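# Summary of the model geometry
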Amino acid sequence: MRKHVVVLGANFAGLTAALSVRHELHGDVDVTVVSPRANFLFTPSLIWLPFGKRDRGDITFDVEPTLRHHGVDFVQAAATGLDPTARTVTLQDGSTLRYDYLVIATGYRNDSDVVPGFAENAVTITTLEDAERAGHAWELFLRDPRDVVVAATQGAGCFGAAYEFLFNLSFQLRRHDLHQRVKLTYVTAEPFLGHFGIGGLPHGEQLLGMFLRKEGIDSRLNVGIDHVAQDALVLETGEEVPFGYGMVVPPFLGQEWLTAVDGLTDAKGMVAVRDSYQTLKYDDVYAVGAAAAVEVPWTTPTPVGIPKTGFPTEVMAHVAARNIAAQIRGEEPTDEKAFGDIKAICVMDAGNNGVVILADKMLPPRKHGVLIPGPQAHVMKLGFEKYFLWKMRNGYVQLP
C-alpha cells in the first residue's frame, strides 16, 4: 500500500518538505499538506511592507495550484490535535486525517506576554498582518513625526529582521527629510552589536557599530524590556526610551495545541528533534523550520534566542524528506544535519545598502565567517526575492 505523508504547514519548511518527499520517491507516495493559510509568504520581505515598498500581492502566492501540479493534496484548515499512537491529526472542523509519516512545519506565533503592553502600544513585522498594521502606523507617524525606537526583546531570536528594519527605517527618515528631526534608537537583548543570536562573526561588532554611527542611531545593548507604555519603551533598568513609532521583535512560541502531546515539545511549544529531525519520542513524526526546537548553546546576561531563517529551514526540510523516503523504502533514516552545523547564508538589507553574511556553520565553533558590506547586498536581496518566489511558485525545491 502507498504510504501517506501529512505535512502541517505550507510555507518555507512545509512546502519544501512536501514537494521533496514526492521528488525523493518519484511520486510513489501520497502527500497531503494541511495549512490554515492558502498562501505562501516570503517573510524576508516583510521588512519593506510597512514603507509601501511591497504589498501582500508582491510577496505571496496561492499554494494549491503549485501543490496540485506536483500531485500533492491540499487541505486549508488549522490542525488542532495530534494522536501519535493512532497516527491521526485532528482538524478544526473535528475531522481527522490519518498519516504514516507526519512533518510538523507549523511555524511560530508571537510571545506577546514577555513584554506587557507590547501588543497594545507597539507594532511588529513578524507576520503579514502585523507588517500591514505597522504600515498603517507608519502613515500616521509621518503626519506627526516624533522619536522612533526599534527593539528586540529578551528571548527574541529574529535579530536580523530587527537590524534590517532599523536601517530601512533610517533610510526612510532620510527620504522624508526627518533624519535630523527624529531620534532613532535601537534596543536589543544582544550582548553586543552583531551578535544576531548566532554568537556573532569576525568584525561584526565593529561593522554594525560603524553602520549605527553613520546613521546617527543610538543604542541600548544587553538589556531587557520591562513593559511598553503608550509612548515609551520602559527598560528593565528603569530607563524610559520615548517613541512616536515603536517596532518590537518579540520571542516566538510554538503552536499551543502541540503542547498537549506528551513528550513532543519544550517549554516554549517548540518540537524537540534529533539531528535527523525526527522527534525525540516518535520515529514517524518530524519537525522542521521554526517549529523545531533549537537549544541555545550559551548563556548571555540578557537571554537571546536563535534565528531559524530560510536557508537552514530548507536544509532541515530536505533532511526530513530524505529520511521519510528511506523509511518508506524500508531503510534506516540515516541522514543527519545538526542545526548548528548548517551553513549561515544571509543577506541583510539596509535600504540602499546592506551586508552579506556567510559562515561555514550557523553556530560556533566555526572555521570561518565573514560579513561583506556594500550596495551589492541590497541588489542581491531584491534578486533573491524574485528568484525564490519563482522557484517556490513552480515547485522547484531541488534548486538551491
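Residues numbered from 1 in each chain as written. Predicted model: local features only at pLDDT ≥ 70, side-chain atom pairs only at ≥ 80, totals over all residues. Heavy atoms only, no water.

This part is about the nonpolar core. By size, the foremost hydrophobic cluster in this structure holds 119 residues, and its most contacted members are Phe-40, Ile-104, Phe-167, Leu-169, Tyr-245 and Tyr-277. If we skip the residues at most four places from it in the chain, Ile-104 touches Leu-8, Leu-82, Leu-258, Leu-264, Val-271, Val-285, Tyr-286, Ala-287, Val-288 and Ala-291. With 14 residues, the next largest nonpolar core counts Val-187, Val-223, Phe-243 and Val-248 among its residues. (Core = buried A, V, L, I, M, F, W, Y, C linked by side-chain atoms within 4.5 Å. Buried < 20%, exposed > 50% of the residue type's maximum accessible area, 1.4 Å probe, protein only. Contact = heavy atoms within 4.5 Å.)

Take the side chain of Gln-172 next. Here Gln-172 is to be found in helix α6 (residues 159–175). Each residue touching Gln-172, except ones within four places of it in the same chain, is listed here: Phe-51, Lys-53 and Trp-138. (Helix = DSSP H or I, 4+ residues; strand = E, 2+ residues; numbered from the N terminus.)

All right, on to the pattern of salt bridges then. Using the criterion set out here, one finds 23 salt bridges in the structure. Linking Glu-129 and Arg-37 is a salt bridge whose minimum nitrogen-to-oxygen distance equals 2.8 Å. Placement of Glu-129 in helix α5 (residues 128–143) and of Arg-37 in the loop between β2 (30–35) and β3 (39–41) is noted, with a sequence separation of 92 residues between them. Classification of Arg-37 by relative accessible area gives partly exposed; the value is 43%. Measuring nitrogen to oxygen at the nearest pair gives 2.8 Å for the salt bridge that ties Glu-132 to Arg-56. Pair noted here: Glu-132 is in helix α5 and Arg-56 is in helix α2 (residues 56–59), with a separation of 76 residues, a long-range link. (Salt bridge = Lys/Arg side-chain N within 4 Å of Asp/Glu carboxyl O.)

This paragraph deals with the pairing of strand β11 (residues 148–152). The buried count for β11 comes to 5 of 5 residues, which makes it a mostly enclosed element. Side chains of β11 alternate between two faces, with Val-148, Val-150 and Ala-152 and Val-149 and Ala-151 buried alike. Where β11 meets strand β17 (residues 245–249), 5 bridges bridge the pair, whose relative direction is parallel. Residue pairing in the sheet places Val-150 in a bridge with Met-247 of β17. Bridge count between β11 and strand β12 (residues 184–188): 5 bridges; the pairing is parallel. Residue pairing in the sheet places Val-148 in a bridge with Leu-184 of β12. Between β11 and its parallel partner β12, the chain crosses via α6, and the hand of that crossover is right-handed. (Pairing = 2+ DSSP bridges. Right-handed = clockwise from strand over helix to strand, strands pointing away.)

Sheet architecture is open: 4 strands sit in the order β13-β12-β11-β17, paired in parallel fashion. Edge positions in the sheet fall to β13 (218–220) and β17, since each of these pairs with one other strand and no more. The average undirected angle you get between the axes of adjacent strands in this sheet is 15°. As judged from the 3 bridges shared by β12 and β13, these two strands associate in the parallel manner. By the bridge assignment for β13, Val-187 is matched with Arg-220. (Axes fitted to C-alpha atoms, helices over the stretch in contact; angles between N-to-C directions.)

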